[in-house]
Amino acid sequence: MWKLLMGYVDVAVAFVLAVAILGLDVAGVASTKVVQSATMATLAVVALVLLRDRVRSDTRGDEVQQSVKALQKQMDVRVISGHECNRVLTEARRETDRWVFRGATGAYIRAVTLPECVSWAKPRRRRLEFRLEILDPMNPDLCHQFVRLHQRLATGPDSPEQSWTVEETRRELFATILAACWHQQDYELLDIDVRLSSAYSLLRYELSSSCLIFTQRGPEFPALVINSGTPSYLVWDSELHVSFQQAKRLPLQSVKGMQLSGVPTPDEIRDLFQALGIELPAGYTDADLVQVRSLALESADPYA
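Residues numbered from 1 in each chain as written. Predicted model: local features only at pLDDT ≥ 70, side-chain atom pairs only at ≥ 80, totals over all residues. Heavy atoms only, no water.

Participant: Quick rundown of the pairing of strand 3 (residues 128-135)? Include the residues and the values.
Facilitator: Of all 8 residues making up strand 3, 7 are buried, and the element is well covered by its neighbours. In the sheet, strand 2 (residues 98-102) pairs with strand 3 via 5 bridges, with the strands oriented parallel. Bridge pairing links arginine 98 to glutamate 129 in strand 3. As a crossover connection, the stretch from strand 2 through helix 5 (residues 107-121) into strand 3 is right-handed. Judged from the 8 bridges that link them, strand 3 and strand 4 (residues 190-197) form a sheet pairing that is parallel. In the sheet register, glutamate 129 faces strand 4, and the bridge partner there is aspartate 191. (Buried < 20%, exposed > 50% of the residue type's maximum accessible area, 1.4 Å probe, protein only. Helix = DSSP H or I, 4+ residues; strand = E, 2+ residues; numbered from the N terminus. Pairing = 2+ DSSP bridges. Right-handed = clockwise from strand over helix to strand, strands pointing away.)

Participant: Can you explain the packing of aromatic side chains? Please cite residues and give values.
Facilitator: The geometry of an aromatic ring pair comes down to the distance between the two centres and the angle between the two planes. One pass over the full model with this rule turns up 7 aromatic pairs. Seen in terms of ring centroids, tyrosine 205 and phenylalanine 214 are 5.2 Å apart; in terms of plane orientation they differ by 70°. Their pairing is edge-to-face. Each of the two residues, tyrosine 205 as well as phenylalanine 214, counts as buried. Aromatic pair tyrosine 205 and tryptophan 236: ring centres 5.7 Å apart, planes at 35°, arrangement tilted. Taken as a pair, tyrosine 205 in strand 5 (residues 204-208) and tryptophan 236 in helix 8 (residues 231-246) lie far apart in primary sequence, 31 residues in all. Since its relative accessible area comes to 30%, tryptophan 236 is described here as partly exposed. Taken together through their ring pairs, the aromatic side chains of Phe146, Trp164 and Tyr200 make up a single cluster. (Phe/Tyr/Trp six-rings, centres within 6.5 Å; stacked < 30°, edge-to-face > 60°.)

Participant: Tell me what's going on with the pairing of strand 4, and back it up with residues and numbers.
Facilitator: A regular strand places its side chains on the two faces of the sheet in alternate fashion. Summarising burial for strand 4: 7 of the 8 residues are buried, a large majority. Strand direction decides the pairing type here: strand 4 and strand 8 (residues 248-249), joined by 2 bridges, are antiparallel. Within strand 8, the position partnered with leucine 196 by the bridge is lysine 248.

Participant: Describe the environment of isoleucine 278, listing the residues and the values that go with them.
Facilitator: Positionally, isoleucine 278 belongs in the loop between helix 9 (266-276) and helix 10 (286-297). For isoleucine 278, a relative accessible area of 5% translates into the label buried. The spatial distance from the C-alpha of isoleucine 278 to the C-alpha of proline 137 is 8.6 Å, given a sequence separation of 141 residues. Not counting the four nearest positions on each side in its chain, isoleucine 278 is found in contact with Met138, Phe174, Ile177, Leu250 and Phe273. (Contact = heavy atoms within 4.5 Å.)

Participant: Tell me what's going on with helix 5, and back it up with residues and numbers.
Facilitator: Helical periodicity: at 3.6 residues per turn, an α-helix aligns residues three or four positions apart in one direction. The end-to-end C-alpha separation of helix 5 is 21 Å, in line with the 21 Å expected for 15 residues at 1.5 Å each. Largest kink in helix 5: about 30°, centred on threonine 113, with the proline proline 115 one to four residues after it. Here helix 5 has its buried residues at Tyr108, Ile109, Arg110, Ala111, Val112, Thr113, Leu114, Cys117, Val118 and Ala121. (Expected span 1.5 Å × (residues − 1). Bend = angle between axes of the 7 residues up to and from the residue.)

Participant: I'd like a description of helix 6 (residues 140-153), backed by residues and values.
Facilitator: For helix 6, which comprises 14 residues, the first-to-last C-alpha distance of 20 Å matches the rise-based estimate of 20 Å (1.5 Å per residue) to within 8%. Along helix 6, the positions that sit buried rather than exposed are Leu142, Cys143, Phe146, Val147, Leu149, His150 and Gln151. Check the buried side of helix 6 and you find it contacts strand 3, helix 7 (166-186) and strand 4.

Participant: Let's hear about unusual backbone geometry: which residues, and what values?
Facilitator: Although it is not a glycine, arginine 125 adopts a positive phi angle of roughly 50°. Relative to the assigned elements, arginine 125 resides in the loop between helix 5 and strand 3.

Participant: Tell me what's going on with the packing of helix 5 against helix 7, and back it up with residues and numbers.
Facilitator: The contact between helix 5 and helix 7 brings their axes to 9 Å, and the two run at 10°. Comparing their axes, helix 7 and helix 5 come out roughly parallel. Packed against helix 5, whose contacting residues are Ala107, Arg110, Leu114, Pro115 and Val118, the element helix 7 presents Glu172, Ala175, Thr176, Ala179, Ala180 and His183 at the interface. (Axes fitted to C-alpha atoms, helices over the stretch in contact; angles between N-to-C directions. Parallel < 35°, antiparallel > 145°, perpendicular 65-115°, else oblique.)

Shown next, in the form of structure tokens:
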């Protein structure tokens, strides 16, 4: 009780002053000047009370926000909106020293994730480990099945998926491989490994040192986030490792000594893919390889 009274002593003072002023005014004992001065004093006390409550409210608000963040970190799995996913991915890229991706063509990886992670690591001379599992571009049937699945799942005739082709999908995959090789040469401390999968999935897995993010196609879909250090994160980390080990490995280390220009020429790109054991489609011209190069090194954020 004593602590309660001490916590609200200013309220009690304001109340006593208000009652005293009212009593003096009604009784006609005090002059008008005294009543006015006492009224101003009471208003000052009330203002202090309101200011104190506002400070307490702001403090409690900060405490609530901190509690919410702490709870989110402790949660195994949480659902976020597709638009919030961009913020989570940005935070995950900022300080990570590893990234594991399992998905389809890796368009977002080569346009945003890989170059941004390298740009954060370079000034700090931080070692960076990348593991990418993408579809096998030398398997046209697999690419066809992937395209047909997304076309059947499209929401309408105007959906972007309806314009996808097998050839464009293979070109996107070639571009991701070229981007991986180019960044490997550009940053010495980048340890990158690319595997070619014989199966496709509707989900994309993005694992950093801070969290694992499950995404679907585009920001209109919700995403799942699993924080590192939780049992679920450890289970999925192992699952991605097993899947990665089963996929076909590209010999990126064997081509690390090949010199790629800042803007690789078509001949350099041909030699690179030949050294990797990747057979380009028959009839690929220099113009086709220039387009692959543009996709590899000049792609904008597809969801910006």
